[in-house]
Amino acid sequence: MSSVPAMQHDSAPADQARALAFLADLSETLAVSLDLRQTLSEAVNRIADFMGAEAASLFLLDESGTTLECRVCVGPIDIAGLRIPTGQGVVGRAVAENASQVVADALNDARVDHSTDSDTGFVTRSLLCAPLATAKGPIGALEVVNKRSGGVFTADDAEILRLIAAPTSLAINNARMANELVQQARMKREFDLARRMQKSLLPKRRRNGFPLLGVNLPAHEISGDFYDYFDLPDGRIGFFIGDVSGKGLDAALLMVRVASLLRWIGKEGTEPELWLERVNEELCQTSLDGRFVCALVGHSDRLARHVHIAAAGFPPALLYRRGEFTEYLSGGAPLGILPGMTFDGHEIDLDDASLYCFSDGVTDVRDAQRQTIGSEGVRALIQRHAGASAEPRLRGMFSELKHLRLVDDTTLLLIERIHPQGPEVLLTRRFPARPEQMREIRSLLRTTLDDAGVETGIRDKLVLAIDEACCNIIRHAYGPDDSGDIDLHLTSDGGILEFRLFDTAPPVDPARVRPKPLGECRSGGLGVALIDSVMDDWTLQARPDGKGNRLVMHKRISLTRRNGEDHE
Amino acid sequence: MNGIEQETAEGCTLIRLRGEVDLSWSQQVRQAVLEALSTSTRVGVVLSEVSYIDSSGIAALVEGFQNARSKGSSFALVAVSDSVRAVLELARLDRVFPIVADIEAIPNVSGAPAWKP
């Protein structure tokens with residue numbers, strides 16, 4: 001405030017001190033509270049007093065930026081709510097030109113609009129108006145009318161009003177920003193709540209051989225994807241998976257409605273084709289505002305031997321049986337577009353095959369080159385993980401997807417016969433017995449062990465031990481003159497990991513493979529010693545048919561965590 | 001990713017290894033170490049950027065260490081990464097090798113800090 005222009009009165013120092021004291025006071029009043037209505041009306045009162053004016057008013061621009069509205073006024077006439085187009089009258093001009101207006105003789109000044117005066121009998125003699133300036137331009141104006149002393153407003157008065165306008169616009173701006181933050185925080189809270197509610201709509205994971213597994217990975221906070229499964233009166237299982245077009249809160253709300261509609265109509269065991277028809281009729285009765293719903297519905301017996309599905313605009317269901325894929329295309333358009341539509345379904349003898357139903361988010365995943373992985377990418381993904389049991393397989397597939405770019409919600413429903421007993425297969429892989437292969441195998445093992453919840457320190461030791469075992473096969477079993485593959489199987493059973501390595505090299509005499517004492521400074525024999533130290537036990541046997549060797553290693557682990565978007 | 005760099009600093013030959021030292025290139029590591037010991041009496045192997053090492057990589061280091069001892073040269077592992085240290089500990093070799101934090105700490109004569117109680 002050191003730049004306060006000197007007021008050219010005789011009593012300049014005294015006036016200056018008074019103005020500064022008032023400014024400090026006013027700023028304090030404005031800073032105390034973010035409740036604008038109260039502080040502004042108090043501020044305008046004090047401004048009128050300080051300026052010795054009969055009336056004072058504060059105008060603010062509306063959202064369109066074209067009209068000014070009187071928000072606070074003091075004086076004999078209440079003009080609160082009065083609206084003035086920008087550029088019109090003294091106030092409009094102050095804002096349009098972003099410059100103070102001084103009117104010494106209001107009766108003979110063309111800028112002054114006298115319509116209010118003639119309505120009320122109030123006579124405007126002299127007035128002063130300063131814009132409420134911000135960095136982004138004026139947000140309104142501050143006006144004082146008629147000196148109580150009867151004199152006219154001067155250029156000095158205009159300067160003081162300009163100074164008073166500064167903390168006023170600052171306070172208004174602050175209050176507006178604070179309000180915006182409060183709004184944003186409320187929005188975020190509501191989004192979080194919606195997200196939690198949505199997640200709670202997804203069905204709980206069922207154990208004991210239940211043949212359906214679902215995973216949902218939302219790309220944005222709020223998901224338009226859904227899936228559900230439930231028991232039918234005849235003992236079979238009804239299931240559906242779907243995707244509401246578009247994103248955001250309204251897509252999510254529609255999803256909630258569609259999911260409950262699908263469940264309601266499907267729970268009596270209505271055949272899949274008819275099930276979709278009825279849901280479509282219901283959805284077409286109300287406007288979806290241009291949105292539509294892609295869905296796949298179906299029935300399965302509890303051993304997933306026979307599955308009956310029908311789909312509406314949903315990506316093809318993929319059946320995987322021993323390395324071969326079969327596609328089942330949707331038999332109708334998406335739901336909610338046209339009433340009276342019919343849908344064709346598929347009866348599938350699944351037996352021991354797997355049926356994958358996934359939303360288009362899976363095919364839309366982008367690879368490192370930002371290309372969508374497409375249905376080829378999805379097939380390759382399924383094939384890469386095919387050796388694992390259902391649960392670790394989905395975990396593995398989704399942990400791979402998470403390393404790519406998810407652009408859309410990604411949801412997958414897997415239907416296959418689950419063998420409730422026995423070990424869980426975490427990994428099966430065949431690879432050429434060559435040193436250059438090992439880097440990739442180590443990386444694969446790390447991911448698999450991570451997904452299985454193995455603690456990092458143990459994981460690294462296990463990776464080392466497997467690497468050592470493979471290197472021994474490469475170096476000593478096959479040797480420099482022979483070549484072949486290594487088969488790696490990793491299973492988990494009740495907290496015990498089992499690693500099995502098969503080769504087709506000439507049989508190795510197990511008696512010759514002995515760990516040497518550790519800590520000896522010798523360059524040979526360290527690999528077996530490391531395996532022996534890391535694993536709880538290990539056995540090497542020649543395969544009974546004399547073709548190759550079998551190394552089985554065990555390690556008991558305590559699982560620290562489980563990865564993946566499981567809904568347990 | 002994987003790489004060997006050799007440099008000379010303060011009268012000492014440094015072999016800087018990068019990446020995952022495994023069977024696919026541990027022979028190159030072995031050769032680089034032995035060559036450095038044939039021309040220098042003070043050799044350090046920098047392991048700060050090695051994220052994995054297997055027994056064939058450890059063997060190359062062991063051979064270097066034995067070679068240095070037989071000639072009365074000095075040999076040390078420098079700035080050992082956590083993953084390398086874990087393997088050295090597992091092999092109980094963390095107390096066999098002279099392991100130093102930086103180049104300056106590489107001893108001038110063989111042996112002295114190699115055996116800790």
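Bear in mind the structure is a predicted one, so any value in this text is a computation, not a measurement. (Residues numbered from 1 in each chain as written. Chains lettered and ligands numbered in written order. Predicted model: local features only at pLDDT ≥ 70, side-chain atom pairs only at ≥ 80, totals over all residues. Heavy atoms only, no water.)

Caption draft 1: The arrangement of the overall build of chain A in detail. Of the regular secondary structure elements, chain A holds 13 helices and 21 strands. Judged by the C-alpha coordinates and their principal axes, chain A covers about 120 × 75 × 35 Å. Here chain A holds 568 residues, and 49% of them are scored as buried. Look at the contacts in chain A between residues 6 or more apart in sequence, and 64% of them connect residues 24 or more apart. (Helix = DSSP H or I, 4+ residues; strand = E, 2+ residues; numbered from the N terminus. Buried < 20%, exposed > 50% of the residue type's maximum accessible area, 1.4 Å probe, protein only. Contact = heavy atoms within 4.5 Å.)

Caption draft 2: Highlighting the overall build of chain B. Helix and strand counts for chain B come out as 3 helices and 5 strands. Listing each helix as α and each strand as β along chain B from the N terminus yields β-β-α-β-α-β-α-β. The globule rule puts the C-alpha radius of gyration for 117 residues at 13 Å, and the 13 Å found for chain B is close to it. With the principal axes as the frame, chain B shows a C-alpha extent of 30 × 30 × 25 Å. Within chain B, the fraction of its 117 residues that count as buried is 53%. By element, 48% of the accessible surface of chain B is carried by carbon and sulfur atoms, the whole surface being about 5000 Å². In chain B, 10 side chains carry a positive charge and 14 a negative one; their mean positions are 8 Å apart. (Rg over C-alpha atoms; globule rule 2.2 N^0.38 Å. Areas by Shrake-Rupley, 256 points an atom, 1.4 Å probe, with all protein chains shown as cover. Lys, Arg positive; Asp, Glu negative; His and termini not counted. Charge placed at Lys NZ, Arg CZ, Asp CG, Glu CD.)

Caption draft 3: A look at the pattern of salt bridges. Residue and element names in this part refer to chain A. Scanning all chains against the criterion turns up 35 salt bridges over all chains. The salt bridge partner of Arg93 is Glu97, with a shortest N-O separation of 3.8 Å. Of this pair, Arg93 and Glu97 both sit in helix α3 (residues 89-97), 4 residues apart, which is roughly one turn of the helix. By relative accessible area, which is 34% here, Arg93 ends up partly exposed. Exposure remark for Glu97: the relative accessible area of 46% places this residue in the partly exposed category. Of the charged contacts, one joins Glu391 and Arg205 as a salt bridge, the two residues approaching to 3.3 Å between their closest N and O atoms. Taken together, the residues span a long stretch of sequence, with Glu391 in helix α10 (residues 390-403) and Arg205 in the loop between α5 (155-201) and β7 (212-217) at a distance of 186 residues. The same class applies to Glu391 as to Arg205, namely buried. (Salt bridge = Lys/Arg side-chain N within 4 Å of Asp/Glu carboxyl O.)

Caption draft 4: Summary view of the environment of Glu268(A). Locating Glu268(A) in the fold gives a position in the loop between α6 (249-266) and α7 (272-284). Between the C-alpha atoms of Glu268(A) and Arg379(A), which are 111 residues apart in sequence, the distance is 34 Å.

Caption draft 5: View of the sheet that holds strand β4 (residues 101-103) of chain A. All names here are of chain A. With antiparallel pairing, 6 strands are arranged side by side in an open sheet as β3-β2-β1-β6-β5-β4. Only two strands of the sheet have a single partner each, and these edge strands are β3 (83-85) and β4. Mean inter-strand twist for the sheet, computed between neighbouring axes without regard to direction, equals 20 degrees. For strand β1 (residues 53-61) and strand β2 (residues 67-74), the ladder comprises 6 bridges, and the chain directions are antiparallel. (Pairing = 2+ DSSP bridges. Axes fitted to C-alpha atoms, helices over the stretch in contact; angles between N-to-C directions.)

Caption draft 6: Spotlight on the domain arrangement of chain A. When its domains are assigned, chain A resolves into domain 1 (12-179), domain 2 (202-416) and domain 3 (424-556). Of note, the centres of domain 1 of chain A and domain 2 of chain A, computed from C-alpha atoms alone, are 63 Å apart. (Domains from an automatic or database assignment.)

Caption draft 7: Spotlight on the interface of chain A and chain B. Counting from both sides, the interface comprises 25 residues of chain A and, opposite them, 21 residues of chain B. Of the roughly 2000 Å² buried between chain A and chain B on both sides combined, carbon and sulfur atoms contribute 62%. At the surface where chain A touches chain B, the tally comes to 3 salt bridges. Here Glu20(B) ties to Arg442(A) by a salt bridge, and the two come within 2.6 Å at their closest N and O atoms. Listing elements by their share of the side of chain A that touches chain B, those giving two or more residues are α11 (438-451), α12 (456-478) and α13 (526-534) of chain A. Looking at the side of chain A that touches chain B element by element, the count peaks at 8 residues for α12(A). Across the side of chain A that touches chain B, the residue classes break down as 11 nonpolar, 4 polar and 10 charged. (Buried area = accessible area lost by both parts, 1.4 Å probe. Nonpolar A, V, L, I, M, F, W, Y, C, P; charged D, E, K, R; others polar.)

Caption draft 8: Fine view of the packing of aromatic side chains. Residue and element names in this part refer to chain A. Under the defined criterion, the tally for this structure stands at 9 aromatic pairs over all chains. Between Phe210 and Tyr229, the ring centres sit 5.1 Å apart and the planes meet at 50 degrees, which makes this aromatic pair tilted. Linking Phe210 in the loop between α5 and β7 with Tyr229 in strand β8 (residues 225-231), this pair joins segments that are 19 residues apart in sequence. Residues Phe210 and Tyr229 agree in their burial class; the two are buried. An aromatic cluster is defined as three or more aromatic residues linked by ring pairs; in this entry it consists of Phe226, Phe230, Phe240 and Trp275. (Phe/Tyr/Trp six-rings, centres within 6.5 Å; stacked < 30°, edge-to-face > 60°.)

Caption draft 9: Just the nonpolar core, in detail. Counting residues in each nonpolar core, the largest one holds 76 residues, and the members touching the most others are Met553(A), Phe75(B), Leu77(B) and Phe97(B). For this core, the element with the highest residue contribution is α12(A), accounting for 12 residues. Setting aside anything within four residues of it in sequence, one finds Phe75(B) in contact with Val33(B), Leu37(B), Val43(B), Val45(B), Leu61(B), Gly64(B), Phe65(B), Ala68(B), Phe97(B) and Pro98(B). Ala43(A), Ala56(A), Leu128(A) and Ile164(A) belong to the second largest nonpolar core, which has 33 residues in total. (Core = buried A, V, L, I, M, F, W, Y, C linked by side-chain atoms within 4.5 Å.)

Caption draft 10: Structural context of the side chain of Ser354(A). Residue and element names in this part refer to chain A. In this fold, Ser354 is placed in strand β15 (residues 354-358). Exposure remark for Ser354: the relative accessible area of 7% places this residue in the buried category. Of note is the side chain of Ser354, whose polar atom sits 2.6 Å from the side chain of Glu416. Leave out the neighbours within four places in its chain, and Ser354 touches Leu318, Leu319, Tyr320, Arg393, Leu414, Ile415 and Glu416. (Polar contact = N/O pair within 3.5 Å; in protein donor to acceptor, adjacent residues only side chain to side chain.)

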